[in-house]
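Remarks on the overall topology
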Amino acid sequence: MHDNDPFTKALSLAGAQVFPAILNAAVDMNLFEIIAKAETSLGMCASEIASKLPNQHSDMANRLERMLPLLAVHSLLTCSIRTNQDGDTEKVYALSPVGQYFTRNDQQGSSLAALSTLIYQGYRNVWKDTKDAILDANNHNHFQKVYGKLAFEYMETDREFGNLFGQAMSQAGPLVMKSILDSYKGFEGISTLVDVGGGYGQALKQILFHYPSIKGINFDLPHVVENAPPVKGDRARPSQKGFDDSKFILGKGE
Ligand SMILES: C[S@@+](CC[C@H](N)C(=O)[O-])C[C@H]1O[C@@H](n2cnc3c(N)ncnc32)[C@H](O)[C@@H]1O
């Protein structure tokens, strides 16, 4: 059987739920952060990774050895063979350029980890009845049907979900904004910029960092603004290119 053989492809799709579950477990267990700190570029073997986990048991490395190849098949890790001093070989795993996006190792602490947790765990009740969202003619907002409220109203009552949403947006957003700022020049010449629905204000902070003369107003719902982590700037050197947080204002919507 070949990889592109229809039965092989169909069989792998029949088990398609396994990969999101393993990716979610890897994010929850901080595996990408652990592997990112490997001492050599070749990476770490399963028992070395297991030794860094807070939970220890004798089968841990063996269980990791069953999940790490799946992450490698999906290009999140690289896998190579290391020969030890005694001549034994073992598999070692390192972070790939794709896997880097699931760590928070860049300067802004941006990452796709919280976004994947939001989509897998945060929305788990929404996924259960997906077909209902299609078949029920009266279902115009599936989130509202499942939770009894519109998404942003619900987030005000379920702070855990609201915080996860806020983290997902503020950690993933900068990765997109970085490319926008590289090519889009429409912010040039603006004196005041209002980000309506700006969440925790990370996107606005990035724009103000590139355009220090802009005054920014981050506008969002009161509970979002109240929970936003403080935005720290570069007040000591406001005339230099950088982010001056005296120009950053939080606006509360209703
Ligand atoms: C998809 S998120 C965008 C997050 C943000 N732009 C970022 O990059 O992190 C949409 C945002 O709109 C906000 N929002 C929804 N309804 C709002 C309203 N009536 N007034 C102000 N903000 C609102 C939500 O709280 C949420 O933070």
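Residues numbered from 1 in each chain as written. Predicted model: local features only at pLDDT ≥ 70, side-chain atom pairs only at ≥ 80, totals over all residues.

**Concerning the overall build of the protein**
Using the following cut-off: Numbering of helices and strands runs from the N terminus, with a helix taken as a DSSP run of H or I at least four residues long and a strand as a DSSP run of E at least two residues long. For every residue, the other C-beta atoms within 10 Å of its own C-beta are counted; 20 or more classify it as buried, 12 or fewer as exposed, and values in between as partly exposed. C-beta atoms are placed from the backbone. Each residue is represented by a C-beta atom placed from its backbone, and any two residues with such atoms within 7 Å are regarded as in contact.
Per the secondary structure count, the protein includes 13 helices and five strands. Along the three orthogonal principal directions, the C-alpha set of the protein runs to about 65 × 55 × 35 Å. Taken across its 254 residues, the protein has 24% of its residues classed as buried. Of the contacts made within the protein by residues no fewer than 6 positions apart, 53% connect residues no fewer than 24 positions apart.

**Looking at the packing of helix H2 (residues 18-28) against helix H5 (residues 60-73)**
Inclusion rule: Axis lines are fitted to C-alpha atoms, over the contacting stretch for helices. Their N-to-C directions set the angle, which ranges from 0 to 180 degrees. For classification purposes, an angle smaller than 35 degrees is called roughly parallel, one larger than 145 roughly antiparallel, one from 65 to 115 roughly perpendicular, and anything else oblique. Under the scheme applied, nonpolar residues are Ala, Val, Leu, Ile, Met, Phe, Trp, Tyr, Cys and Pro; charged residues are Asp, Glu, Lys and Arg; polar residues are all the others, including Gly.
Contact pair H2 / H5: the axes reach a minimum separation of 10 Å and the direction vectors enclose 110 degrees. The orientation of H2 with respect to H5, classified from their angle, is roughly perpendicular. The residues of H5 that touch H2, namely those facing Phe19, Ile22, Ala25 and Ala26, are Met67, Leu70 and Leu71. A class-by-class count of the residues in the contact of H2 with H5 yields seven nonpolar, no polar and no charged.

**Here we look at the nonpolar core**
To be explicit about the condition: To define a nonpolar core, we join buried Ala, Val, Leu, Ile, Met, Phe, Trp, Tyr and Cys residues through C-beta atoms within 7 Å and take the resulting set. Segmentation into domains, and thus their bounds, comes from an automatic or database assignment.
If you look at the biggest cluster of nonpolar residues, it comprises 29 residues, and the most contacted ones within it are Ile35, Ile49, Leu77 and Phe102. Take this core: its biggest share by element is four residues, from helix H11 (residues 159-183). Residue contributions to this core reach at least three from each of two domains, namely domain 1 (6-102) and domain 2 (104-173). Beyond its immediate chain neighbours, meaning those up to four positions away, Phe102 contacts Val27, Phe32, Leu76, Ser111, Leu112 and Ala113. Counting residues in hydrophobic clusters, the runner-up holds six residues, among them Ala203, Leu204, Leu208 and Ile214.

**Focus: the domain arrangement of the protein**
Split into domains, the protein comes out as domain 1 (6-102), domain 2 (104-173) and domain 3 (185-254). Across the boundary between the two partners, domain 2 contributes eight residues, which contact eight residues of domain 3. Within the residue set of the side of domain 2 that touches domain 3, elements represented by two or more residues are helix H10 (151-157) and H11. Examining the composition of the side of domain 2 that touches domain 3, we find that six residues originate from one element, H11, more than from any other.

**Points about the pairing of strand E2 (residues 89-95)**
Sheet faces and side chains relate simply in a regular strand, where the side chains alternate between the two faces. So the rule is basically this: What makes two strands pair is DSSP finding at least two bridges between them.
Note that strand E1 (residues 77-83) and E2 share seven bridges and pair antiparallel. Looking across to E2, one finds that Thr78 is bridged to Ala94.

**Some details on the pairing of strand E4 (residues 215-220)**
So the rule is basically this: If you view a crossover with the strands going away from you and the path from the first strand over the helix to the second runs clockwise, you call it right-handed.
Burial along E4 is one-sided: the face carrying Gly216, Asn218 and Asp220 is buried and the face carrying Lys215, Ile217 and Phe219 is not. Two elements, strand E3 (residues 192-196) and E4, share five bridges in a ladder whose sense is parallel. Residue pairing across strands places Leu193 opposite Gly216, the latter belonging to E4. Note that the unit made of E3, helix H12 (residues 202-210) and E4 has a crossover that is right-handed.

**Notes on the packing of H11 against H12**
Heads up, the rule is: Less than a right angle of anticlockwise turn of the near helix away from the far helix marks a crossing as left-handed, whereas a clockwise turn marks it as right-handed.
Direction vectors running N to C along H11 and H12 enclose 35 degrees, while the axes themselves pass 8 Å from each other. Between H11 and H12 the crossing geometry is right-handed. Between H11, through Ser170, Gly173, Pro174, Met177 and Leu181, and H12, the contact on the second element is made entirely by Gln202, Ala203, Gln206 and His210. In terms of residue class, the contact of H11 with H12 is built from four nonpolar, five polar and no charged.

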